[in-house]
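An overview of the molecular structure
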Amino acid sequence: MAFWNNWGRGAWREFDSGDASGAVALTKRHQTISLTKQGAASGNLRINLSWRMRTSDFNDRAGRGSLRHPLRMFKPEMVQAQGSAMVNVDLDLACMYELQSGAKGVVQPLGNFLGNLNEAPYVKLSGDDRFGSGSGETIYINMDHKDDIKRLLVFVYIYDGTPAFDRTHGMVTLYPSNGPRVEIELHERAPQARSCAVVMIENVKGEMLVRREVKYVYGFQAELDRLYGWGLQWGRGYKEKV
């Protein structure tokens, strides 16, 4: 039986691989890192999305009840939109894939395209976090099938409601099977953007390279597709109500 069929709460911890004592930040000046050179081009690569309110908002409410409830200050809350309206931040983590076979597609919460870890596309989404929990959303990539992978574009999009990239501080973290974790901050203000291409993972002559993108667009997946030349057909999708 495949590992994924035995999935449970305890199994998440088995993927917390890599050197937790250090981190490498991908920035505009330092955009790429080689998983192959650090011996991490095998096993499972874990990619996590987490987010919180920006520092200015965080400081505004830090004093309100923080002594009585110290953990509340770290919990993502509803974000103030322009005017008096309040909106929930629903950031989704997703991945477009292109395999060496020519197969293309997307792994994302929308449409329940959760992927497969042990079979093509060798990319699996843990689920849809609609409420900004501490664990966020996570994608797993089976790097033992790196020779089957051509490129993977990891991106984040706001499913519905008011765009709020300018009010949230997102972080995408890669946990390789070996070496330090890799962090990409989504800190640039893009108030009207609904999607952001975060990182490209590409097989370049057998070497698995991770490259920071952090490119915001005002549309959704179709616009990212055009930007990177994926060539997929897109239609309107909806989530089931909870």
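None of these values were measured; they are calculated from a predicted model.

1. Thoughts on the overall build of the protein chain
Helix and strand counts for the protein chain come out as 3 helices and 15 strands. For the protein chain, the residues scored as buried account for 46% of the 242 residues in total. Expressed as a percentage of contacts within the protein chain between residues at least 6 apart in sequence, the contacts between residues at least 24 apart total 69%. Total accessible area on the protein chain is roughly 12,500 Å²; 49% of this is exposed by carbon and sulfur atoms.

2. Examining the side chain of Ser34
Along the chain, Ser34 turns up in strand S2 (residues 32–34). In this structure Ser34 comes out as buried when scored by relative accessible area, which is 10%. Not counting the four nearest positions on each side in its chain, Ser34 is found in contact with Glu207, Met208 and Leu209.

3. Observations concerning helix H3 (residues 221–228)
Buried within H3 we find Gln221, Leu224, Asp225 and Tyr228. Looking straight down H3, one finds that the buried residues subtend no more than 105° of arc, so they occupy a single side. Turning to H3, the residues buried within the fold contact strand S6 (91–99), strand S11 (149–158), strand S14 (195–204) and strand S15 (207–217). The first or second residue beyond H3 is Gly229, which carries a positive phi of 65°.

4. Comments concerning the packing of aromatic side chains
Counted by the stated rule, this structure contains 1 aromatic pair. Here Arg46 stacks its cationic end above the ring of Tyr175, 3.8 Å away from the centre of that ring. Lying across the ring of Trp230, Arg151 places its NZ or CZ 3.7 Å from the centre.

5. Considering the sheet that holds strand S7 (residues 104–107)
The strand order S2-S15-S14-S11-S6-S7 describes an open sheet built from 6 strands, whose pairing is antiparallel. With one partner strand each, in any of the chains shown, S2 and S7 form the two edges of the open sheet. Within the sheet, the average angular offset between the axes of one strand and its neighbour, ignoring direction, is 20°. Alignment of S2 against S15, held across 3 bridges, turns out to be antiparallel. Within S15, the position partnered with Ser34 by the bridge is Leu209. Here H3 sits on the sheet in contact with S6, S11, S14 and S15, set at roughly 125° to S15.

6. Details of the pattern of salt bridges
Summed over the entire model, instances satisfying the criterion amount to 6 salt bridges. Glu202 is the partner of Arg211 in a salt bridge, and the nearest nitrogen-oxygen pair spans 3.4 Å. Under the relative-accessibility criterion, Arg211 is labelled partly exposed at 29%. The exposure class assigned to Glu202 is partly exposed, which follows from its relative accessible area of 25%. Between Glu213 and Arg211 there is a salt bridge; the shortest N-O distance is 2.7 Å. Three or more residues are tied together by salt bridges with common partners; here these are Glu202, Arg211, Glu213 and Lys215.

7. Focus: the confidence of the model for the protein chain
Chain-level statistics for the protein chain give a pLDDT mean of 77 and a share of 67% at 70 or above. In the model, residues 69–87 has pLDDT below 50 throughout and makes 29 contacts with residues more than four positions away in sequence or in other chains.

What counts, and where the lines are drawn
- Residues numbered from 1 in each chain as written.
- Predicted model: local features only at pLDDT ≥ 70, side-chain atom pairs only at ≥ 80, totals over all residues.
- Heavy atoms only, no water.
- Helix = DSSP H or I, 4+ residues; strand = E, 2+ residues; numbered from the N terminus.
- Buried < 20%, exposed > 50% of the residue type's maximum accessible area, 1.4 Å probe, protein only.
- Contact = heavy atoms within 4.5 Å.
- Areas by Shrake-Rupley, 256 points an atom, 1.4 Å probe, with all protein chains shown as cover.
- Arc of directions from axis to C-beta.
- Phe/Tyr/Trp six-rings, centres within 6.5 Å; stacked < 30°, edge-to-face > 60°.
- Lys NZ or Arg CZ within 6 Å of the ring centre and 35° of its normal.
- Pairing = 2+ DSSP bridges.
- Axes fitted to C-alpha atoms, helices over the stretch in contact; angles between N-to-C directions.
- Salt bridge = Lys/Arg side-chain N within 4 Å of Asp/Glu carboxyl O.
- pLDDT = per-residue confidence, 0-100.

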